[in-house]
Amino acid sequence: MATTYTSRLIALALAVTVSVAGAQDLLGRKVKLTGQWDGVQFQGTRLQVWDTHKDSTRGRIRGKVEHLDVPNRTLRIGPISVEWDLKTRWEGLAPEQIASMPAVEVSGAVLSPAKLRAKSVRPASIGPGQFQLRGTVMAAGTARDAASGLTLLGVPVEVPSGAVKNLYGASLTRRPDERRPSDQFSAFVLGRPLTIGGELKTQSRYLKDLALNPQKLDDVARIDQELQIEVSYPLNDRALVFLEGKVLYEAEVYAQDKSRKFERSLERGEMWLYLDQLFASNFSLQIGRQNFYEPRSWWWDQDLDAVRFHYNTLDWHAELSVARELGDVATELDRNDPQREDVLRVLGHTAWRWARNHRLDAFFLYHDDRSERQRVGELVTKEREDPSDATLIWAGGRLSGELDFAQHGEVDYWIEGAAVRGHERLLDFDRVSGRPDRRVVDSRAKRDVSGWAFESGVSWQAELPARPTLTLSYAFGSGDRNPGHGADRSFRQTGLQGDKARFGGVDRFRYYGELLNPELSNLHIPTAAVGFSFWDASSVEFLYHHYRQVHAADFLRNGRVRSGPDGRSTDIGQEFDIVLGLEDWEPFEIEAVVSAFRAGAAYGSLAGNMAYAFFLNVDYNF
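Heads up: these notes are all about the structure in this document.

### Focus on the side chain of Arg398
Secondary-structure assignment places Arg398 in strand β24 (residues 388-404). One polar contact links Arg398 to Glu294, side chain to side chain, over a distance of 2.9 Å.

Next comes the structure, spelled out in structure tokens:
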């Protein structure tokens, strides 16, 4: 069946050709351009649309300071001359220090061609001999296939036509290689840059009283470390290879019940081939293990083995993919989820920017679990439990955007909904006496599935010191009034979701609650949050969530709390989160989260009891 879908996709790509627009399409667009300056000409190598409402007379330059005149308050970075005054904000450095720094970033107003008045100056990083310009394209050439001439910050620049075409849809999605930092190690191999980089993650967590019973010994502290090594290499101007490997170490450094666990594993990460502009069109092809991501991670944020077609124009983006896991991901067997084995998925996503800062997204997912069905009475290892085999279809959409009210601030909004239909086979497992590592299939059942979900929210960011942000949102996932009888009317998410996004700060966090972290199923979740920004790239946010079941049930789908509700009350409880994000010290990113959950009446005698969590994540990007 996967072969049939793939052949249809290839036929679609061959049947459709579109004209590729030229540099004129960039006129008036805000872009980020990375390249080199030889003292005469700026040659761009990577160009990305920077879709923002900010004043077109503002700009940024990043690179090494080549000339500094402190008495006259001037400096030069590549092609840009900069002057500063007493209002200029110096972040973590003094004027006398910048000449010896590897790179700085200057943000300010464009006074005249190739000249800025600095509003702020801060340390930065970028590759050797490289510069980065951000601003509005004020003039553009007319060539379509030759080099495209642009004027950015008053500087004439040359951008190869391929680089111009690569940016299509950049404001609606991200290219597979756009997430990499610009200053990774690079060496030329056969005349092309081989880039090596990665990320070192350290994630610490302390979980207390997740059973909602202080008498139970369930407190645990653990530290997880993950090293990602990434290699990318362009085969030519339109083909890119990307390889990623992971080394993981997970340790429970404290367990109240004394059952500490340690685990080491090697994992295959993203490994793909990306072919841009197939047959001189706006289609691209990506083959291999790749990340599926959308901005709110409500539909998906996972790595999958897949074949994916991309289609991009300046205001349209579309993807169609066929995915199926080709083998184990990790050397540790319990890190290979049996619920993902032999599952065929067809994923579709299209995004239309119908107005500046406003977009409409549509999503589709077909999920067909073709794994071997375990028989009643069959013994399986604990790690191989697969309680559900389903054939499901999700479809839905999202309307989102940003409204600018000038001195009254900005308002971000989103409205989305989805429905799921299909059927599933359920398996129930029992423990095996004397064999704690084994389970026996006790029963099997089949039922239809039909549910729906809705979410809406607004974030208002005021034009005040610390840029305070107020966010209000409401999420609903349908429930089943009569569980176990007839069709299941409960909504369930795709199984690929991350449920993480930003409200007003720098961090993406779990917007349904960092501690409880439930799946949106049989739940009402109203949320209120207030956040503040400080320094240049740091923020703190305070969040409140209230959880109420649609129909009283004795379980939560995928909640982190270990005690289940009693099925007599719908009041699950409430959670308070504090999320601190620090990203001012490149290449480090730091996130700290404190969470507290208070059990509601649905937990019977445990109502009013508390659970706590603390998370600390430190990422080093290189």
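### Let's talk about unusual backbone geometry
When glycine is set aside, most residues are seen to have a negative phi, and most peptide bonds are trans. Not every positive phi belongs to a glycine, and Asp342 is a case in point at roughly 55°. Within the secondary structure, Asp342 is located in the loop between β20 (316-323) and β21 (343-355). The phi dihedral of Asn522 falls on the positive side, at around 55°, and the residue is not glycine. Within the fold, Asn522 resides in the loop between β29 (509-510) and β30 (523-534).

### Considering the packing of aromatic side chains
Overall, the coordinates contain 21 aromatic pairs when judged by the stated rule. The interplanar angle of 75° and the centroid separation of 6.4 Å between the aromatic rings of Trp272 and Tyr274 together place this pair among those described as edge-to-face. Ring geometry for Trp316 and Trp352: centres 5.7 Å apart, planes at 10°, overall stacked. You can see Trp316 sitting in strand β20 and its partner Trp352 sitting in strand β21, a full 36 residues away along the chain. A relative accessible area of 40% places Trp316 in the partly exposed class. Residue classification places Trp352 among the partly exposed residues on the basis of a relative accessible area of 35%. Taken together, the aromatic side chains of Trp298, Trp299, Trp300, Phe363 and Phe491 make up a single cluster linked through ring pairs. Above the face of the Tyr511 ring, Arg296 is positioned so that its terminal group lies 4.2 Å from the ring centre. Here the basic side chain of Arg308 rests over the ring of Phe292, its NZ or CZ set 4.1 Å away from the ring centre.

### Some points on the environment of Asp301
Tracing the backbone shows Asp301 in strand β19 (residues 301-312). For the pair Asp301 and Lys500, spaced 199 residues apart in sequence, the C-alpha separation works out to 9.0 Å. Setting aside chain neighbours within four positions, we find Asp301 in contact with Asn291, Phe292, Tyr293, Leu496, Gly498 and Arg508. A polar side-chain atom of Asp301 sits 3.2 Å from a polar atom in the side chain of Ser297.

The rules behind the values
Residues numbered from 1 in each chain as written. Predicted model: local features only at pLDDT ≥ 70, side-chain atom pairs only at ≥ 80, totals over all residues. Heavy atoms only, no water. Helix = DSSP H or I, 4+ residues; strand = E, 2+ residues; numbered from the N terminus. Polar contact = N/O pair within 3.5 Å; in protein donor to acceptor, adjacent residues only side chain to side chain. Phe/Tyr/Trp six-rings, centres within 6.5 Å; stacked < 30°, edge-to-face > 60°. Buried < 20%, exposed > 50% of the residue type's maximum accessible area, 1.4 Å probe, protein only. Lys NZ or Arg CZ within 6 Å of the ring centre and 35° of its normal. Contact = heavy atoms within 4.5 Å.

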